[in-house]
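# A structural walkthrough
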Amino acid sequence: MKRQTVSKKTRFEVFKRDAFTCQYCGAHPPGVLLHVDHIHPVAEGGTNEIDNLVTACEPCNAGKGARLLNVAPETLAQKAAQVAEREAQLQGYAEILEAKRQRLDADAWRVLEVRYGKDVKTAPRTEITSIKRFIEKLGVHEVLEAMDIAMGSRVSEWKVFRYFCGVCWNKVREQEGGAD
Ligand SMILES: [Zn+2]
C-alpha cells in the first residue's frame, strides 16, 4: 500500500529546501526518484508539516521500513504520473544547479572587480576558474578578503594572483585543521 498523502506543492517545497537531494545519501535526479520521508513517522503521530518532512531517495525511503512502498506503477495512468513526477523533479534539480551556477558567477565577478576594477572583462579564464574553486571551498567573503589582502600587499603586479592563491590555501588549511 502506497501512502503518499503529502500534496505535490508541499512535496516540492521540501525538495527545494533540500536542493532536490536525498538527505540520507546525497542522491539526486536523474539517478533516483525522490520521495518525502516523515522524520517522525505518521504511524507514531507524525504530521505532514514541512518541518516533519525530509527528501529521501527511493532506496533510503524504503529502507526505513516504517512502511512498504509499492514502487512499481500499476496502471498506465500511474505510470504517466510517475514520468511526470520524474520530469518535474529533474526540472527542479536543474533550476537549483542553474541558480547555484549564477550565484557562483556573480560571486566570482565581485572578486575579479577587486582585482581588475572596471577592466574586469580582461580577467584571464584561469584566474576565474581558480577563484570559483576557492569560493566553493571558502565562501565568497573569505575569498574577497584574500583578494583585498593580495591587492594591499606590496608584491609586484604579476605576483598578485599567486599571492592571492597563497592566502586562500592558507585559509583552506586553517579550515581543514579546525575541523579535526
Ligand atoms: Zn538516499
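Residues numbered from 1 in each chain as written. Predicted model: local features only at pLDDT ≥ 70, side-chain atom pairs only at ≥ 80, totals over all residues. Heavy atoms only, no water.

Distances from the zinc ion to its protein donors, C22 (SG), C25 (SG), C57 (SG) and C60 (SG), fall at 2.3 Å. Each of the four donor atoms around the zinc ion contributes to a set of angles spanning 105 to 116 degrees, which defines the coordination as tetrahedral. All donors to the zinc ion come from one chain, and their sequence spacing reads C-x2-C-x31-C-x2-C. Here C57 lies in strand β2 (residues 53-57) and C22 lies in the loop between α1 (8-17) and β1 (34-38), a separation of 35 residues in the sequence. (Donors = N, O, S within 2.8 Å, 3.2 Å for Na, K, Ca; no water. Tetrahedral: all angles 85-135°; square planar, octahedral: opposite > 155°, others 65-115°. Helix = DSSP H or I, 4+ residues; strand = E, 2+ residues; numbered from the N terminus.)

The biggest cluster of nonpolar side chains holds 25 residues, and the ones touching the most others in it are V111, L112, I131, F134, I135, V143 and F164. At the level of elements, α3 (76-116), α4 (125-138), α5 (140-152) and α6 (160-179) are the ones that each hand at least two residues to this core. When residues of this core are assigned to their parent elements, the largest contribution, seven residues, is made by α6. Setting aside residues no more than four positions away along its own chain, F164 makes contact with V111, I131, F134, V143, A146, M147 and A150. Counting 13 residues, the second-largest nonpolar core is a separate cluster that includes V6, V14, V32 and Y93. (Core = buried A, V, L, I, M, F, W, Y, C linked by side-chain atoms within 4.5 Å. Buried < 20%, exposed > 50% of the residue type's maximum accessible area, 1.4 Å probe, protein only. Contact = heavy atoms within 4.5 Å.)

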